[in-house]
Amino acid sequence: MRLATWNVNSVRARVDRIIDFAVRESIDVLAMQEIKCKAEQFPFEMFEDAGYHVEAHGFSQWNGVAIASREQLTDVEHAFPGMPGFEKDHAGPDAPQEARAIGATVGGVRVWSLYVPNGRSLGDPHYFYKLEWLSALQQYTSETLATTPDLALALTGDFNIAPTDADNGDPAVVQGFATHISPPEREAFAALESAGLTDVVRPLVPTGFTYWDYKQLRFPRNEGMRIDFILGSHALATAVTGAAIHRNERKGKAPSDHVPVVVDLDLASPEDDDDRPMIFG
DNA sequence: ATGACTCAATGCTTGAGA
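Residues numbered from 1 in each chain as written. Chains lettered and ligands numbered in written order. Predicted model: local features only at pLDDT ≥ 70, side-chain atom pairs only at ≥ 80, totals over all residues. Heavy atoms only, no water.

### Some thoughts on the side chain of Ser 10
Step number 1: Position of Ser 10 relative to the elements: it lies in the loop between strand 1 (2-7) and helix 1 (15-24).
Step number 2: Once residues lying within four places of it in the same chain are set aside, the contact partners of Ser 10 are Glu 34, Ile 35 and Lys 36. (Helix = DSSP H or I, 4+ residues; strand = E, 2+ residues; numbered from the N terminus. Contact = heavy atoms within 4.5 Å.)

In structure tokens, the structure reads:
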């Protein structure tokens, strides 16, 4: 299975580019973020004509997530358990949730398309919302892997965190003044790894950015950030046979400001189950 | 060239992105 994640920055503005990429690269499962439309506005038919089923989750022109898949998607969820919402400058379990997470199972993999809140600026209510959201995601991950340790779980998406200094090449993003690189955000990212997840792309693609601001010639100058990730459980990580960051998708006419991140998975087929450890006896 | 921001909306300016 070839699994990709891509913050598309409006699915309607560049549906042709997205489908061209998916078909050209033989993507089986494409997790999208920032579709920037309501679910009913998603261009389902164009994806269906290209051979993809789509599950979309969006409420407005902001955020929104979706998963396209050549195989049928099952057990769709429009939020992970405990995901906080945001209302009137505060986050919390009782505030209305935004369309920032969609989960589905395909080919034995539990795939999440995640759009972590931006944070805006240090100390902004959205910054605390971001940290709370990440904390809830960590808790969901811990609980899931405690009950189903052999689950092939993939948390994919735009995490809006540059985990190391090498992941930030944008001179406007400065420690002490900017989000994405602050210690609490990096600690939240590390907590996901402590919960049992691994960045499955970095071992195979050690350097490179996934996002470049549209402003200030950031792309020609290669002043980008690495903020889009595929985090996998042990069962997922051991199935990885390849990975790529498609930098070329930032070129040409009307690109997204993010590029696709891809992994190849060699998952045990159901008939191989006899060779695998039994979890439920 | 990879080139000086882009997208969506009860739109002609504003909010969000990071």
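### Structural notes on the packing of aromatic side chains
Step number 1: Under the criterion given, the structure shown has 14 aromatic pairs.
Step number 2: Ring centres of Phe 80 and Trp 133 lie 5.1 Å apart, and the angle between their planes is 80°; this geometry places the pair in the edge-to-face category. With a gap of 53 residues between them, Phe 80 in the loop between strand 5 (74-77) and strand 6 (85-87) and Trp 133 in helix 3 (residues 125-147) connect regions that are remote in the sequence.
Step number 3: Judged by its relative accessible area of 1%, Phe 80 falls in the buried class.
Step number 4: When the ring of Phe 80 is compared with that of Tyr 140, the centres are 6.0 Å apart and the planes differ by 35°; the resulting orientation is tilted. Taken together, the residues Phe 80 in the loop between strand 5 and strand 6 and Tyr 140 in helix 3 connect sequence positions 60 residues apart.
Step number 5: On the accessibility criterion, Tyr 140 (9% relative accessible area) is buried. (Phe/Tyr/Trp six-rings, centres within 6.5 Å; stacked < 30°, edge-to-face > 60°. Buried < 20%, exposed > 50% of the residue type's maximum accessible area, 1.4 Å probe, protein only.)

### Points about the side chain of His 126
Step number 1: You can see His 126 is positioned in helix 3.
Step number 2: With relative accessibility at 14%, the residue His 126 sits in the buried group.
Step number 3: In terms of polar contacts, His 126 uses its side chain to reach the side chain of Arg 120, at 3.3 Å.
Step number 4: Every residue in contact with His 126, bar those within four places of it in the chain, is listed here: Phe 86, Asp 89, Gly 119 and Arg 120. (Polar contact = N/O pair within 3.5 Å; in protein donor to acceptor, adjacent residues only side chain to side chain.)

### A look at the sheet that holds strand 9 (residues 109-115)
Step number 1: The six strands lie next to each other as 5-8-9-10-12-11, forming an open sheet whose pairing is mixed. Of all the strands in the sheet, just strand 5 and strand 11 (198-199) have a single pairing partner and so form its edges.
Step number 2: As defined by bridge partners, strand 10 (residues 152-158) adjoins strand 12 (residues 228-232) across five bridges and the pair is classed as antiparallel. Paired with Leu 155 across the strands is Leu 231, a residue of strand 12. (Pairing = 2+ DSSP bridges.)

### Some words on the sheet that holds strand 1
Step number 1: Sheet architecture is open: six strands sit in the order 3-4-2-1-14-13, paired in mixed fashion. At either end of the open sheet lies a strand with only one pairing partner, and these are strand 3 (53-57) and strand 13 (240-245). With strand direction ignored, the average angle separating the axes of adjacent strands in the sheet is 15°.
Step number 2: Note: strand 13 against strand 14 (residues 261-265), five bridges, orientation antiparallel. In the sheet register, Ala 244 faces strand 14, and the bridge partner there is Val 262.
Step number 3: Across the face of the sheet, helix 1 comes into contact with strand 1, strand 2 (29-33) and strand 14 while running at roughly 160° to strand 1. (Axes fitted to C-alpha atoms, helices over the stretch in contact; angles between N-to-C directions.)

### Describing the UniProt feature "domain: Endonuclease/exonuclease/phosphatase" (unreviewed entry) in chain A
Step number 1: Feature annotation in UniProt places "domain: Endonuclease/exonuclease/phosphatase" (unreviewed entry) on residues 4-258, given in this structure's numbering.
Step number 2: End C-alpha atoms of residues 4-258 are separated by 13 Å, and the span's content is 22% helix alongside 24% strand. (UniProt positions renumbered as here; feature names shortened; annotations may be inferred.)

### Some words on the protein's contact with DNA strand B
Step number 1: Surrounding DNA strand B, one finds 27 residues, the nearest of these being Ser 10, Arg 14, Tyr 115, Asn 118 and His 180.
Step number 2: Atoms of DNA strand B within 4 Å of the protein: sugar and phosphate make up 75%, bases the balance.
Step number 3: Tyr 115 is positioned such that a nitrogen or oxygen atom in its side chain is 2.7 Å from a phosphate oxygen of DNA strand B.
Step number 4: One of the backbone N or O atoms of Pro 220 is found 3.2 Å from a base oxygen in DNA strand B.
Step number 5: Across the surface near DNA strand B, the residue classes tally to nine nonpolar, nine polar and nine charged. (Near = heavy atom within 4 Å. Nonpolar A, V, L, I, M, F, W, Y, C, P; charged D, E, K, R; others polar.)

### Side note on unusual backbone geometry
Step number 1: A positive phi angle, near 50°, is found at Asn 9, a position not held by glycine.
Step number 2: By secondary structure assignment, the location of Asn 9 is in the loop between strand 1 and helix 1.
Step number 3: Not every positive phi belongs to a glycine, and Arg 120 is a case in point at roughly 65°.
Step number 4: Here Arg 120 is to be found in the loop between strand 9 and helix 3.
Step number 5: Under the relative-accessibility criterion, Arg 120 is labelled exposed at 56%.

### Regarding the packing of helix 3 against helix 4 (residues 183-194)
Step number 1: Remark: helix 3 packs on helix 4, axes separated minimally by 9 Å, with the N-to-C direction vectors making an angle of 10°. When the axes of helix 3 and helix 4 are compared, the pair comes out roughly parallel. Across the interface between the two elements, Tyr 127, Lys 130, Leu 131, Leu 134, Leu 137, Gln 138 and Thr 141 from helix 3 touch Pro 184, Glu 185, Ala 188, Ala 191 and Leu 192 from helix 4.
Step number 2: Taken together, the residues of the contact of helix 3 with helix 4 break down into eight nonpolar, two polar and two charged. (Parallel < 35°, antiparallel > 145°, perpendicular 65-115°, else oblique.)

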